[in-house]
Amino acid sequence: MNVLSAVLLLSGALFCVLGAVGMLRLPDVPSRLQAATKPQTLGLLLILVGTALRLPPSYAVGLALVALFQMLTAPVLSQFLGRAAYRTGAVDESTLLCDDLKSVRDNDAESGSASPGA
Amino acid sequence: MISTFVWLVVVWLMLWGSADLGLVLLGAVVAAGVLLLYPLPPVRSRVLRRPHRLVGLGLFLVADLVISGIRVAWDAARYGRKVRAAVIAVPVLSDEDYVIATAANLLSLGPGKFVLQLDRRERVFYVYALGVRSAAEVDRARADVLGLQRRVIKAFGEPG
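Here we summarise the structure given alongside this text. Quantities reported herein were computed from a predicted structural model and do not represent experimental measurements. (Residues numbered from 1 in each chain as written. Chains lettered and ligands numbered in written order. Predicted model: local features only at pLDDT ≥ 70, side-chain atom pairs only at ≥ 80, totals over all residues. Heavy atoms only, no water.)

Points about the overall build of chain B
Inference 1: The helix and strand tally for chain B stands at five helices and three strands.
Inference 2: Listing every helix and strand of chain B by position from the N terminus yields α-α-α-β-α-β-β-α.
Inference 3: Relative to the globule expectation of 15 Å for 160 residues, the C-alpha radius of gyration of chain B, 20 Å, shows a markedly less compact shape.
Inference 4: Expressed along its principal axes, the backbone C-alpha trace of chain B runs to roughly 60 × 35 × 30 Å.
Inference 5: Within the span of chain B, comprising 160 residues, buried residues form 41% of the whole.
Inference 6: Here the analysis covers contacts within chain B between residues at least 6 apart in sequence; of these, 72% occur between residues at least 24 apart. (Helix = DSSP H or I, 4+ residues; strand = E, 2+ residues; numbered from the N terminus. Rg over C-alpha atoms; globule rule 2.2 N^0.38 Å. Buried < 20%, exposed > 50% of the residue type's maximum accessible area, 1.4 Å probe, protein only. Contact = heavy atoms within 4.5 Å.)

A few points about the packing of aromatic side chains
Think of a pair of aromatic rings as described by two things: how far the centres are apart, and how the planes are tilted against each other in angle.
All names here are of chain B.
Inference 1: The full count for this structure, using the stated rule, is two aromatic pairs over all chains.
Inference 2: Taken together, a centroid distance of 5.8 Å and an interplanar angle of 65° make the contact between W12 and W16 edge-to-face. Residue W12 and its partner W16 are located together in helix α1 (residues 2-16), separated by four residues, close to a single helical turn.
Inference 3: Overall, the relative accessible area of 51% leaves W16 in the exposed class.
Inference 4: Measuring from centroid to centroid gives 5.3 Å for F114 and Y128, while their planes differ by 25°, and the two rings are stacked. Taken as a pair, F114 in strand β2 (residues 113-119) and Y128 in strand β3 (residues 124-130) lie far apart in primary sequence, 14 residues in all. (Phe/Tyr/Trp six-rings, centres within 6.5 Å; stacked < 30°, edge-to-face > 60°.)

Overview of the side chain of S31 of chain A
Inference 1: Mapped onto the fold, S31 of chain A is located in helix α2 (residues 29-53).
Inference 2: On the basis of relative accessible area, S31 of chain A is assigned to the buried category, the value being 1%.
Inference 3: Reaching out from S31 of chain A, the side chain makes a polar contact with the side chain of D28 of chain A at a distance of 2.6 Å.
Inference 4: Those residues within four positions of S31 of chain A in sequence are excluded, and the remaining contacts are L26 of chain A together with Y128 and L130 of chain B. (Polar contact = N/O pair within 3.5 Å; in protein donor to acceptor, adjacent residues only side chain to side chain.)

Concerning the interface of chain B and chain A
Accessible area lost during the coming together of the parts is what is often quoted as the interface size.
Inference 1: With 47 residues of chain B at the contact, the number on the chain A side is 43 residues.
Inference 2: Summed over both sides, the interface of chain B with chain A buries roughly 3600 Å², with 67% coming from carbon and sulfur.
Inference 3: Linking chain B with chain A are three residue pairs in polar contact (both at pLDDT 80 or more).
Inference 4: Within the residue set of the side of chain B that touches chain A, elements represented by two or more residues are α1, α3 (51-78), β1 (85-91), α4 (97-109), β2, β3 and α5 (135-156) of chain B.
Inference 5: For the side of chain B that touches chain A, the element with the most residues is α3 of chain B, which contributes nine residues. (Buried area = accessible area lost by both parts, 1.4 Å probe.)

Quick notes on the pattern of salt bridges
All names here are of chain B.
Inference 1: The tally for this structure, following the rule as stated, stands at three salt bridges over all chains.
Inference 2: For the salt bridge of D95 with R123, the shortest nitrogen-to-oxygen distance reads 4.0 Å. You can see D95 sitting in the loop between β1 and α4 and its partner R123 sitting in the loop between β2 and β3, a full 28 residues away along the chain.
Inference 3: Residue D139 pairs with R142 through a salt bridge whose shortest N-O separation is 3.6 Å. Of this pair, D139 and R142 both sit in helix α5, three residues apart, which is roughly one turn of that helix.
Inference 4: Residue R142 is classed as partly exposed on the basis of its relative accessible area, which comes to 24%. (Salt bridge = Lys/Arg side-chain N within 4 Å of Asp/Glu carboxyl O.)

A look at the sheet that holds strand β1 (residues 96-99) of chain A
Inference 1: One open sheet holds the four strands; their spatial order is β1(A)-β1(B)-β3(B)-β2(B), and the pairing between them is mixed. Both edges of this open sheet fall to β1 of chain A together with β2 of chain B, since each of them pairs with a single strand only. Neighbour-to-neighbour, the strand axes of the sheet open up by a mean angle of 25°, direction not taken into account.
Inference 2: Across two bridges, β1 of chain A lies against β1 of chain B in parallel orientation. If you follow D99 of chain A over to β1 of chain B, its bridge partner there is V87 of chain B.
Inference 3: Strands β1 of chain A together with β1 and β2 of chain B of the sheet are contacted by helix α3 (residues 57-87) of chain A, whose axis makes an angle of about 70° with β2 of chain B. (Pairing = 2+ DSSP bridges. Axes fitted to C-alpha atoms, helices over the stretch in contact; angles between N-to-C directions.)

So yeah, pure geometry; function would need other evidence.
Now the structure itself:
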């Protein structure tokens with residue numbers, strides 16, 4: 001049990017470190033957003049499970065709530081930030097292999113209609 | 001309404017980490033207060049209709065979280081500033097707000113992808129995908145998004 005817990009805690013920490021490395025190495029807001037939010041989610045889950053194994057069950061229940069709300073809120077956050085980054089031009093377009101949204105956006109700008117899905 | 005009430009009481013008890021009569025009553029008062037103060041439009045939820053599909057979806061997500069977590073870390077370490085990404089348009093397969101929102105959230109949970117924009121009228125997801133380096137990988141990312149949507153629909157979408 002102790003070994004399993006230690007493995008979970010360490011691999012959780014490893015994912016958090018990898019997220020930090022991604023933050024430093026990646027070029028623009030949306031890609032950094034990936035590194036900042038996603039490996040952390042996994043890292044936090046692993047750490048929570050590792051911790052729960054070593055605690056009395058009544059405390060472990062609280063940790064399950066932490067995990068649940070982390071998984072509910074993290075995607076919403078990354079969607080909002082990513083969208084804001086895209087709209088304010090914080091996306092480095094040279095990193096994009098293709099951009100299906102660009103043509104939609106440009107068409108809207110030309111015809112003067114409202115932006116899609118606002 | 002009833003299920004939301006029960007859920008709020010359960011969360012309350014989980015926060016306290018114990019369950020005696022006084023705590024349950026207090027939780028019921030708090031839950032009733034929350035529902036009265038912050039009313040939400042009713043959503044017909046079918047989360048528990050097909051539990052085996054739900055478990056399957058959960059396991060798939062855990063696997064996806066681990067695999068794509070490693071992929072994003074690898075892309076960051078290997079390519080760094082030269083990483084490539086794509087914004088791809090993917091058709092939305094369902095017409096239920098509830099299913100679309102769930103699919104969008106689960107899509108954004110896994111590393112490497114998030115929903116940049118949703119065109120509800122034309123039913124198109126615009127998805128940002130990281131670590132896409134060729135046209136073949138663009139196609140694969142698109143197929144991944146469609147596959148996840150199908151799983152969500154199978155788990156609690158309207159049949160057919």
